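So you can see what is in the structure, the chains are spelled out below.
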Amino acid sequence: MFQRAPRAFFSLVIVASLLGISRIDAARTDAALPNGLARTPPMGWNSWNHFGCDVSSKLLRETADQMVSTGMRDAGYKYVIIDDCWQVARDKSGRIVADSIRFPEGIKALADYVHSKGLKFGIYTDAGRKTCEGRPGTYQHEEIDARTYAEWGVDYVKEDWCYADSLDAPTQYAKFRDALAKSGRPIVLSICEWGANWPWDWAPRMGNLWRTTGDIDDSWNSMLANLDLSSQHGAVAGPGGWNDPDMLEVGNGGMTDDEYRAHFSLWAVMAAPLIAGNDLRAMTPATKEILMNPEVIAVDQDSLGVQGYMVSARPTDQLQVFMKPLAGGGRAVVLLNRSSLQTVMTARWHRLRLGSPQATVRDLWRHQDLGTFTDHFSATVPAHGVVMIRVMPVAK
Ligand code: GLA
């Protein structure tokens, strides 16, 4: 390894040290899936969290329209993804068949419509014999499915792991990865085996993102449980391949706006894919403000491509500070209050390895520069909420 990659490795270390960051704050150096996609965490919308099996051409078209009219597309959300239940059977040649009642125009026409809006189109399948909702899976149909999706103009495939008893996850996902590569179309591969087969050990070579957890639900505890699992695997994330703590629940109604702000901030600091899962046709002003906060999105999409991590506290503590190193030497910091009492929290510069006693602080939810601070910054953090800041060391 040392013989094959010394140059890239040393230039990264040099750049990292010029930026004042240490080696573990540099992006992953091993090979990611070489399809050139997802250099930053994918952003988009997926039907599952809000609509479950109730998918149709009409819903997808209306969502694509809303992506444009609400400003979601221009905020960075790119992929419009149908999850489970669009497919009903295979025809005699083995080709997958879409539900002709819900998708009367077929999938290609829908993909064309999504593309005409300046968006990209995603679809769902399962590496096993059936999808989780019992529709035909991709097992033993990898090549024909990849070819079909490419013909339809699919840009993103989420591949689930139901009905896969006795199958080997790395083997099956590699088959589909290779089939997608053979199709000739650049297609993001989203691996969804829920962290069940240690994907952090093999998925970076197979897909552009991989689930690290079971399914999220629209609750504070579920969101935190997924944070706790996904934040353990930051070392394997980087441009081209990302840990996926599951799609966003922002705007689905089960959490307060403070909790949704925390959810969105934590996903951004973890460099998680930002896949909205709400009804875009009925967003409150608060939901829009959260999903389209450009400063928080910029943290998620930062070009350094490092997943943030906890810098204070033990995993069981109620008050936790997370830090994500950013290109240019800044740090994004989330002060997370998991308790049900508002409280004052502190971020200490030495924990952020700032290398400077002074730093400027900007509040990413209030959109305000707060000034220059020495050694630390303290703020009142709401119950079940966060304060999120960007800290920039002042040159000595
Ligand atoms: C699994 C996945 C979910 C969703 C459903 C669809 O549970 O983890 O994200 O795709 O299947 O059936």
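Please refer to the structure higher up on the page.
All of these numbers come straight from a predicted model, not from anything done at the bench. (Residues numbered from 1 in each chain as written. Predicted model: local features only at pLDDT ≥ 70, side-chain atom pairs only at ≥ 80, totals over all residues. Heavy atoms only, no water.)

Points about the overall build of the protein chain
The helix and strand tally for the protein chain stands at 11 helices and 18 strands. Here the C-alpha atoms of the protein chain give a radius of gyration of 21 Å, agreeing with the 21 Å that 2.2 N^0.38 yields for 396 residues. Along the longest, intermediate and shortest principal axes, the C-alpha atoms of the protein chain span 70 × 55 × 40 Å. In the protein chain, which comprises 396 residues, the share counted as buried stands at 56%. Here the analysis covers contacts within the protein chain between residues at least 6 apart in sequence; of these, 71% occur between residues at least 24 apart. Of the roughly 16,100 Å² that the protein chain leaves accessible, carbon and sulfur atoms contribute 53%. Once the 41 positive and 45 negative side-chain charges of the protein chain are each reduced to a mean point, those two points are 6 Å apart. (Helix = DSSP H or I, 4+ residues; strand = E, 2+ residues; numbered from the N terminus. Rg over C-alpha atoms; globule rule 2.2 N^0.38 Å. Buried < 20%, exposed > 50% of the residue type's maximum accessible area, 1.4 Å probe, protein only. Contact = heavy atoms within 4.5 Å. Areas by Shrake-Rupley, 256 points an atom, 1.4 Å probe, with all protein chains shown as cover. Lys, Arg positive; Asp, Glu negative; His and termini not counted. Charge placed at Lys NZ, Arg CZ, Asp CG, Glu CD.)

A word on the packing of helix α3 (residues 57-69) against helix α5 (residues 106-116)
α5 packs onto α3 with a crossing angle of 10° between their chain directions and a minimal axis gap of 9 Å. Here α3 is positioned roughly parallel relative to α5, judged by the angle of their axes. Counted together, Ser57, Leu60, Arg61, Ala64 and Asp65 of α3 and Ala109, Leu110, Tyr113 and Val114 of α5 form the full contact between these two elements. Its residues assigned to classes, the contact of α3 with α5 comprises 6 nonpolar, 1 polar and 2 charged. (Axes fitted to C-alpha atoms, helices over the stretch in contact; angles between N-to-C directions. Parallel < 35°, antiparallel > 145°, perpendicular 65-115°, else oblique. Nonpolar A, V, L, I, M, F, W, Y, C, P; charged D, E, K, R; others polar.)

What to know about unusual backbone geometry
Backbone geometry places Asp246, a non-glycine residue, at a positive phi of 95°. Mapping Asp246 onto the fold places it in the loop between β9 (242-244) and α9 (257-269). On the basis of relative accessibility, which here comes to 2%, the residue Asp246 falls in the buried class.

Section: the packing of aromatic side chains
Within the structure shown, the criterion is met by 9 aromatic pairs. Plain terms: the ring middles of Trp86 and Tyr149 are 6.3 Å apart, the flat faces sit at 65° to each other, and that makes the pair edge-to-face. Note that Trp86 is positioned in the loop between β2 (79-81) and β3 (87-90) and Tyr149 in helix α6 (residues 142-152), a separation of 63 residues in sequence. Both residues of the pair, Trp86 and Tyr149, belong to the buried class. Where Tyr149 meets Trp152, the ring centres are 6.0 Å apart and the plane angle is 45°; that geometry is what we call tilted. Within this pair, Tyr149 and its partner Trp152 are both found in helix α6, separated by 3 residues, close to a single helical turn. An aromatic cluster is built from Trp86, Tyr149 and Trp152, whose rings are joined through pairwise contacts. Lying over the aromatic face of Tyr113, Arg61 brings its terminal NZ or CZ to 4.2 Å of the ring centre. Between the NZ or CZ atom of Arg129 and the centre of the ring of Tyr139, over which it lies, the distance is 5.1 Å. (Phe/Tyr/Trp six-rings, centres within 6.5 Å; stacked < 30°, edge-to-face > 60°. Lys NZ or Arg CZ within 6 Å of the ring centre and 35° of its normal.)

Concerning the sheet that holds strand β13 (residues 331-337)
Ordered by their spatial adjacency, 6 strands build an open sheet running β11-β12-β13-β18-β15-β16, and the pairing between neighbours is antiparallel. Each edge of the open sheet is held by one strand with a lone partner, namely β11 (309-310) and β16 (368-374). The sheet contact formed by strand β15 (residues 358-363) and strand β18 (residues 385-393) spans 5 bridges and is antiparallel. Each bridged residue has a counterpart across the sheet, and for Asp363 the counterpart in β18 is Ile389. The sheet contacts of helix α8 (residues 220-230) involve β12 (319-325), β13 and β18, and relative to β13 the element is tilted by about 135°. (Pairing = 2+ DSSP bridges.)

Re the state of the cysteines
Inspection of every chain in the model, using the stated rule, returns 2 disulfides. Paired by a disulfide, Cys53 and Cys85 hold their sulfur atoms 1.8 Å apart. Taken as a pair, Cys53 in the loop between α2 (48-51) and α3 and Cys85 in the loop between β2 and β3 lie far apart in primary sequence, 32 residues in all. Residue Cys132 pairs covalently with Cys162 via a disulfide, S to S 2.0 Å. Measuring the twist about the S-S bond at about 90°, one finds the Cys132-Cys162 disulfide to be right-handed. Taken together, the residues Cys132 in the loop between β5 (120-126) and α6 and Cys162 in the loop between β6 (156-160) and α7 (169-183) connect sequence positions 30 residues apart. Looking at Cys162, the relative accessible area reads 17%, which means it is buried. What connects to what in the protein chain, once the bonded cysteines are numbered by sequence position, is 1-2, 3-4. (Disulfide = S-S within 2.5 Å.)

Looking at the nonpolar core
Tyr77, Trp86, Phe264 and Trp267 are the most contacted members of the largest nonpolar core, which has 85 residues in total. Among the elements that line this core, the one with the most residues is α9, at 7 residues. In terms of nonpolar packing, the next biggest core, distinct from the first, is built from 19 residues, Leu335, Leu352, Val361 and Ala379 among them. (Core = buried A, V, L, I, M, F, W, Y, C linked by side-chain atoms within 4.5 Å.)

As for α5
All buried positions along α5 are accounted for by Ile107, Leu110, Ala111, Tyr113 and Val114. The arc enclosing the buried residues of α5, seen along the axis, measures out at 160°, which places them on a common side. Close packing links the buried residues of α5 with α3, β2, β4 (96-98), β5 and α6. One or two residues past the end of α5 sits Gly118, with phi positive at roughly 75°. (Arc of directions from axis to C-beta.)

The values are spatial; any link to function lies outside them.
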